[in-house]
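Structural features, examined
One letter stands for each residue in the lines below.
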Amino acid sequence: MEGHLLMSARERNRKAAFDMVVRGAWTLADAREHLGLSYRQCRRSYRRYRREGDAGLVHQSRGRRSNRQTDPDVRQAILHRYDEVYDGFGPTLAVEKLAGEGYVIDHETLRRWLLAEGKWQRQRRRSPYRQRRERREQFGALVQMDGSFHHWCGPDHAQSCLIEMIDDATGIRLSLMAKEETTEACMRLLWQWIERYGIPKALYTDKKNVFITNRPATLEEQLAGEEPTTAFGKACAKLDIAIIAANSPQAKGRVERAHGVQQDRLVKELRLRGVTTIGGANEVMCGGFVDHLNEKFAKPPAGKEDAHRPVPAGVNLAEVFCVEEQRSVANDWVVRYHNRLLQISKDNRVLPRPKEKVMVRQLLHGTVQVVHAGRTLRYREIEAYPVVKVTEPHKAMPQPATVRAAHKPGPTHPWRQSRPFSESRASGASRP
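Throughout what follows, the structure given in this document is the object of discussion.

Let us look at the nonpolar core. Soluble globular proteins tend to bury their nonpolar side chains together. In this structure, Met145, Leu190, Leu203, Phe232 and Phe321 are the most contacted members of the largest nonpolar core, which totals 30 residues. Elements represented by at least two residues in this core include exactly strand S1 (143–150), strand S2 (160–167), strand S3 (173–178), helix H7 (183–196), helix H9 (231–238) and helix H12 (317–320). Of all the elements, H7 adds the most residues to this core, at seven residues. Non-local contacts of phenylalanine 321, meaning those with residues more than four positions away in its chain, are made with Met187, Leu190, Trp191, Ile194, Ala235, Leu239 and Leu364.

The structure is reproduced here in structure tokens:
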């Protein structure tokens, strides 16, 4: 056969097998097994090869126009219409618009045409660009804080929340198990961190309402020029701890990865010890489990200086980690707080004036303090306001006189029988 013949890899493989049959090295059954064909198909292909040569192995439809191919004139009209009206439209949207004009075509077909003409580019969905952030150099410069809900005590027990703090520079961690990621639980964990290492410079958290609030500012905050903050944020502000809110979980990836370690190691440790309660889990973590993780995974910081600050003299952490609310003093020096009546004692050195604002502070262990002008006021809690009893009137007391109706003279009364004044004037009678 003259000229060149293009063959696929499968067709060349068939030629090599059939040549082995022609030379007598293989039988047709050997060729069938090698090619993975049925015996009848292999025999038909072999006969065509012996009759037509290499051309008999080439697919008969090669070089022919497909029966499903779109007419070139229609294709050209669609591409011209796309350039004229729908330039920049995606293939899916363009097909919807073209269908309204009578051009029915599949969106993948139009996509291939546009790619072949260079009028469309594949648009890959790229993940958001995130630049790798280096660790902070100093221990305590930035501490990541987050909570993880999981079946920590096994699948047969309810979920609980493991709150973790992990230093960005060293990877040193501290954990606390709680029922929920509440303000009290986060305050207790930060309190433990401060007692162990000192006051950190900043906390890296998510935008949970424990740390960040979206509520509008109150009237008092507007007058004072303050931003709305949470109770946890107020406690951090007292200690000059900055709260940095992360925009994505990947931003605080160190604490997120620490959750994965805990969900593997802590769950198995609690199972080995048979712990099924939140209190038992905290005892395990405080009993050396967290210290073992710090020894295994923590690394020395790049900077030698410690960024933690000691607690200032005179600062009571119990009065820092609390919930504070402003209340008004009533005229009888009673302060209402969550359906409780707090009667301020008279023996306080400085008493607030009625209608004046005081700060009611509830500590984590439940104690309530009333603070005014930087002083804690003495008070006593009363159950309710005293009820004034109205006494009944005594029976010996004189009863009020009965109001009598006005007397109206009868028709035969002499007053009605007297002559009218107008008639006496008319008759010339003189006045008596």
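Aromatic ring pairs are defined here through the distance separating the ring centres and the angle between the ring planes. For the coordinates displayed, the defined rule picks out eight aromatic pairs. Taken together through their ring pairs, the aromatic side chains of Phe18, Tyr46 and Tyr49 make up a single cluster. Cation over ring: lysine 296 sits above phenylalanine 297, and NZ or CZ is 5.9 Å from the ring centre.

All right, on to the sheet that holds strand S6 (residues 322–328) then. One open sheet accounts for four strands, arranged S6-S9-S10-S11; its pairing is antiparallel. Of all the strands in the sheet, the pair left with one neighbour each is S6 and strand S11 (375–377). Ignoring which end each strand starts from, the neighbouring axes of this sheet average 35° apart.

This part covers the pairing of S1. For S1, the tally of buried residues reaches six of eight residues, placing the bulk of the element in the interior. In this sheet, S2 lies alongside S1 in antiparallel orientation, the contact comprising eight bridges. What sits directly across from valine 143, in S2, is aspartate 167. Sheet topology note: the S1/strand S4 (residues 202–205) ladder contains two bridges and is parallel. Bridging from a neighbouring strand, valine 143 pairs with leucine 203 of S4.

There is a patch of like positive charges on the surface, built from Arg40, Arg43, Arg44 and Arg47. In this structure, arginine 43 sits in helix H3 (residues 39–52).

A separate point is the environment of cysteine 186. On the secondary structure map, cysteine 186 appears in helix H7. For the pair cysteine 186 and valine 210, spaced 24 residues apart in sequence, the C-alpha separation works out to 8.3 Å. Residue contacts for cysteine 186: discarding those within four places in its chain leaves Met145, Ile163, Glu181, Val210, Phe211 and Phe232.

End to end, helix H10 (residues 253–273) covers 30 Å across 21 residues, agreeing with the expected 30 Å (1.5 Å per residue, within 8%). Those residues of H10 that fall on the buried side of the exposure criterion are Gly253, Arg254, Val255, Ala258, His259, Gln262, Leu266, Val267 and Leu270. Next to the buried residues of H10 lie S1, S2, S3 and helix H11 (278–297).

Cut-off values and rules
Residues numbered from 1 in each chain as written. Predicted model: local features only at pLDDT ≥ 70, side-chain atom pairs only at ≥ 80, totals over all residues. Heavy atoms only, no water. Core = buried A, V, L, I, M, F, W, Y, C linked by side-chain atoms within 4.5 Å. Buried < 20%, exposed > 50% of the residue type's maximum accessible area, 1.4 Å probe, protein only. Helix = DSSP H or I, 4+ residues; strand = E, 2+ residues; numbered from the N terminus. Contact = heavy atoms within 4.5 Å. Phe/Tyr/Trp six-rings, centres within 6.5 Å; stacked < 30°, edge-to-face > 60°. Lys NZ or Arg CZ within 6 Å of the ring centre and 35° of its normal. Pairing = 2+ DSSP bridges. Axes fitted to C-alpha atoms, helices over the stretch in contact; angles between N-to-C directions. Patch = residues over 30% accessible without salt bridge, like charges linked within 9 Å, V, L, I, M, F, W, Y side chains within 5 Å. Areas by Shrake-Rupley, 256 points an atom, 1.4 Å probe, with all protein chains shown as cover. Salt bridge = Lys/Arg side-chain N within 4 Å of Asp/Glu carboxyl O. Lys, Arg positive; Asp, Glu negative; His and termini not counted. Charge placed at Lys NZ, Arg CZ, Asp CG, Glu CD. Expected span 1.5 Å × (residues − 1).

These values are about where atoms sit, not about what they do.
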